[in-house]
Amino acid sequence: MKAKIGELLLTLGTGLLVVGAIGFMAGYLSQDQIPAIGALTLIFIGAGASMKRRREFR
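In short, a report on the structure. This structure is a prediction, so every number in the text was calculated from the model and none was measured.

This brings us to the overall build of the chain. Scanning the chain for helices and strands turns up two helices and zero strands. Residue burial in the chain is summarised as follows: out of 58 residues, 16% are buried. Expressed as a percentage of contacts within the chain between residues at least 6 apart in sequence, the contacts between residues at least 24 apart total 77%. For the chain, the computed accessible surface area is about 4600 Å², with 68% contributed by carbon and sulfur atoms.

Now for a nonpolar patch on the surface. Residues Val 18, Ile 22, Phe 24 and Met 25 make up a contiguous nonpolar surface patch of about 440 Å² in total accessible area. In this structure, Ile 22 sits in helix 1 (residues 2-26).

This paragraph deals with the side chain of Thr 41. Within the secondary structure layout, Thr 41 lies in helix 2 (residues 33-57). Only 2.8 Å separates the side chain of Thr 41 from the backbone oxygen of Ile 37, close enough to count as a polar contact. Thr 41 has contacts with Gly 13, Leu 16 and Leu 17, leaving out every residue within four places of it along the chain.

Another point: helix 1. Here helix 1 contains 25 residues, and its C-alpha end-to-end distance of 36 Å stays within 8% of the 36 Å for a straight helix at 1.5 Å per residue. Two residues or fewer past helix 1, Gly 27 is found with a positive phi of approximately 90°.

About the cut-offs
- Residue numbers here run from 1 along each chain, matching the order of that chain's written sequence.
- The predicted origin of the model limits local features to residues at a pLDDT of at least 70 and limits the giving and counting of side-chain atom pairs to 80 or more, whereas totals for whole chains, interfaces and linings rest on all residues.
- Side-chain numbers come from the whole structure's heavy atoms, not from hydrogens or water.
- Elements are defined by DSSP. Helices are runs of H or I of four residues or more, strands are runs of E of two residues or more, and each kind is numbered from the N terminus.
- Burial classes follow relative accessibility: with a 1.4 Å probe on protein chains only, a residue under 20% of its type's maximum area counts as buried, one over 50% as exposed, and anything between as partly exposed.
- Two residues qualify as a contact provided that any one of their heavy atoms is within 4.5 Å of a heavy atom in the partner residue.
- Only the protein chains shown count as cover for residues, and all accessible areas are computed by the Shrake-Rupley method using a 1.4 Å probe.
- Like charges within 9 Å and nonpolar side chains (Val, Leu, Ile, Met, Phe, Trp, Tyr) within 5 Å are joined into patches, using only residues over 30% in relative accessible area that form no salt bridge.
- When a carboxyl oxygen of Asp or Glu lies within 4 Å of a side-chain nitrogen of Lys or Arg, that pair is called a salt bridge.
- The term polar contact refers here to a pair of N or O atoms within 3.5 Å; inside protein, the definition further demands a hydrogen-donor-capable atom paired with an acceptor-capable atom, and it admits residues adjacent in sequence only when both atoms are side-chain atoms.
- Expected span, for any helix, means 1.5 Å times one less than how many residues it has.

Below is the structure:
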């Protein structure tokens, strides 16, 4: 179950990264929104990777 949640968080973080990059290049995001999106992306990817990795060791 935790591996599925970890995979979902990884997918969500990767999607957020792609959407943020496209939004930045297209000019839809302001300079204040970019660090917040980057921080959320790192949190989601880090949490998802750690949840997925714990299952692989067991």
